[in-house]
Amino acid sequence: DANYDGKLSLPEYSGEATDGNFVPQPFLGRHIAMEDFKARMQTAYASAQEAFEDMQDEPADVEEFFQVTQQFRPPLTREQAEFAFQGFDADHDGLLVNAEFLEVLRFGSFFPSMHEIRAMMTQTTARTWFPGFEAIPDSYKESRGLAWAAAWLLLIGFL
């Protein structure tokens, strides 16, 4: 269960979901679901960006992250905060940057694989740099890829 959602998908079972970069964490049984994390965060902060800014430093370490989670209602336990921190720390460097925090929140589950992270970042980059990205039919993006989607934007005059 690479993303600790309590379900075992075929890619997780076959090892494809981990992209070879997943390291099992010692917090089984003491973890928190992303939905619960979001609900608790919303009791203390108007937005995820506001919560991240309250961590004082970028990149933030686990102690700064823990202090922010103490504002949640109910607050996270130390084990839950460490689990969530590791789930957000996509590059496993022990530090949390704004992009990791916001993208993993948007992804919707902790511990995304490197493949999933690259896909998230590509989508974010496309939305940022190509104003008409959302207008491209999903079927076109899925069948051709983002480079073709950018070319499609050029053809219809969005860029």
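Residues numbered from 1 in each chain as written. Predicted model: local features only at pLDDT ≥ 70, side-chain atom pairs only at ≥ 80, totals over all residues. Heavy atoms only, no water.

**Quick word on the overall build of the chain**
Working step 1: For the chain, the count of helices and strands is nine helices and zero strands.
Working step 2: Along the chain direction, N to C, the helices and strands of the chain fall in the order α-α-α-α-α-α-α-α-α.
Working step 3: Out of the 159 residues in the chain, the part that is buried amounts to 36%.
Working step 4: Taking the intrachain contacts of the chain between residues at least 6 apart in sequence as the baseline, contacts between residues at least 24 apart amount to 52%.
Working step 5: Total accessible area computed for the chain in this model is approximately 9000 Å², and 56% of it derives from carbon and sulfur atoms. (Helix = DSSP H or I, 4+ residues; strand = E, 2+ residues; numbered from the N terminus. Buried < 20%, exposed > 50% of the residue type's maximum accessible area, 1.4 Å probe, protein only. Contact = heavy atoms within 4.5 Å. Areas by Shrake-Rupley, 256 points an atom, 1.4 Å probe, with all protein chains shown as cover.)

**Some points on the side chain of Asp89**
Working step 1: Along the polypeptide, Asp89 turns up in the loop between helix H5 (78-88) and helix H6 (98-107).
Working step 2: Buried Asp89, no salt bridge; nearest opposite-charge side chain is Arg78, N-O distance 14 Å.
Working step 3: At 3.2 Å, the side chain of Asp89 and the backbone nitrogen of Asp93 are in polar contact. (Lys, Arg positive; Asp, Glu negative; His and termini not counted. Salt bridge = Lys/Arg side-chain N within 4 Å of Asp/Glu carboxyl O. Polar contact = N/O pair within 3.5 Å; in protein donor to acceptor, adjacent residues only side chain to side chain.)

**Considering the confidence of the model for the chain**
Working step 1: Summarising the model, the chain shows a mean pLDDT of 75, and 57% of its residues fall at 70 or more.
Working step 2: The low-confidence segment residues 21-29, where pLDDT is below 50, has 14 contacts with residues more than four positions distant or belonging to other chains. (pLDDT = per-residue confidence, 0-100.)

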